Amino acid sequence: KQYAMNANVPSANVFMDHAGFSTYETMYRAKKILCVKKAIIVTQKYHMYRSLYIANKLGIEAYGVPSDYRVYGGRNIKECREILARFKDFFKVLFKLKPTYLGEQIPISGSGDLTNDY
C-alpha cells in the first residue's frame, strides 16, 4: 500500500487483503468480501493462467498483465509447483471451497482505509 501511496494513489483507493493466503483465497475474497466484478491481475507470466482461470470461474471479469521485467531464478521449480497448484485450484474452484477467513464485506466502492492495519 505504501508503494502505491508513494506514487500518489490515494490511501482510500488501495485495499489490502490480510487473509489472501493463496491465489484462490485472494480471488474468492476479492469477489465475496471486496465485491470485485472486474479486475486487472498483475503477476508473473507463469502464474497468470491460473490467476485468470480462478478469477473467471469465481465470477470476476479478469484481465492479466505480466510483471516479468527480468528472468527469475529457479524457473523449473516454480513451473513444477505451478502445475501442482493448478491441479489443487481446479478442485477448489469446482467445489467453491470457502477460504480460511472471510469476514465482513468491504466493497471496493467504499474506502480502502477500512483495510488499513494501523
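Shown above is the structure to which this text applies.
Treat the numbers as computed from the prediction; the structure is a model and nothing was measured.

### Concerning the overall build of the chain
Phase 1 of the analysis: Broken down by element type, the chain carries four helices and two strands.
Phase 2 of the analysis: Secondary structure elements of the chain occur, N-terminal to C-terminal, as α-α-β-α-β-α.
Phase 3 of the analysis: For the chain, the C-alpha radius of gyration of 15 Å lies close to 13 Å, the compact-globule estimate for 118 residues.
Phase 4 of the analysis: Each of the three principal axes of the chain carries a C-alpha extent, and together these read 40 × 35 × 25 Å.
Phase 5 of the analysis: Counting the 118 residues in the chain, one finds 30% classified as buried.
Phase 6 of the analysis: Long-range pairs, those at least 24 residues apart, make up 68% of the contacts in the chain with a sequence separation of at least 6.
Phase 7 of the analysis: Of the roughly 8,200 Å² of accessible surface on the chain, a fraction of 60% belongs to carbon and sulfur atoms.

### A closer look at the packing of aromatic side chains
Phase 1 of the analysis: Under the criterion given, the structure shown has four aromatic pairs.
Phase 2 of the analysis: Judged by centre distance (5.9 Å) and plane angle (45°), the ring pair of Tyr24 and Tyr28 falls under tilted. Note that Tyr24 and Tyr28 are positioned in helix α2 (residues 23-32) at a spacing of four residues, about one turn of the helix. Each of the two residues, Tyr24 as well as Tyr28, counts as buried.
Phase 3 of the analysis: Each ring, one from Phe87 and one from Phe91, has its centre 5.2 Å from the other, and the planes form 75°; the classification is edge-to-face. Of the two residues, Phe87 and Phe91 both sit in helix α4 (residues 75-95), four residues apart, roughly one turn of that helix.
Phase 4 of the analysis: On the basis of relative accessible area, Phe91 is assigned to the partly exposed category, the value being 35%.

Scoring rules and cut-offs
Residues numbered from 1 in each chain as written. Predicted model: local features only at pLDDT ≥ 70, side-chain atom pairs only at ≥ 80, totals over all residues. Heavy atoms only, no water. Helix = DSSP H or I, 4+ residues; strand = E, 2+ residues; numbered from the N terminus. Rg over C-alpha atoms; globule rule 2.2 N^0.38 Å. Buried < 20%, exposed > 50% of the residue type's maximum accessible area, 1.4 Å probe, protein only. Contact = heavy atoms within 4.5 Å. Areas by Shrake-Rupley, 256 points an atom, 1.4 Å probe, with all protein chains shown as cover. Phe/Tyr/Trp six-rings, centres within 6.5 Å; stacked < 30°, edge-to-face > 60°.

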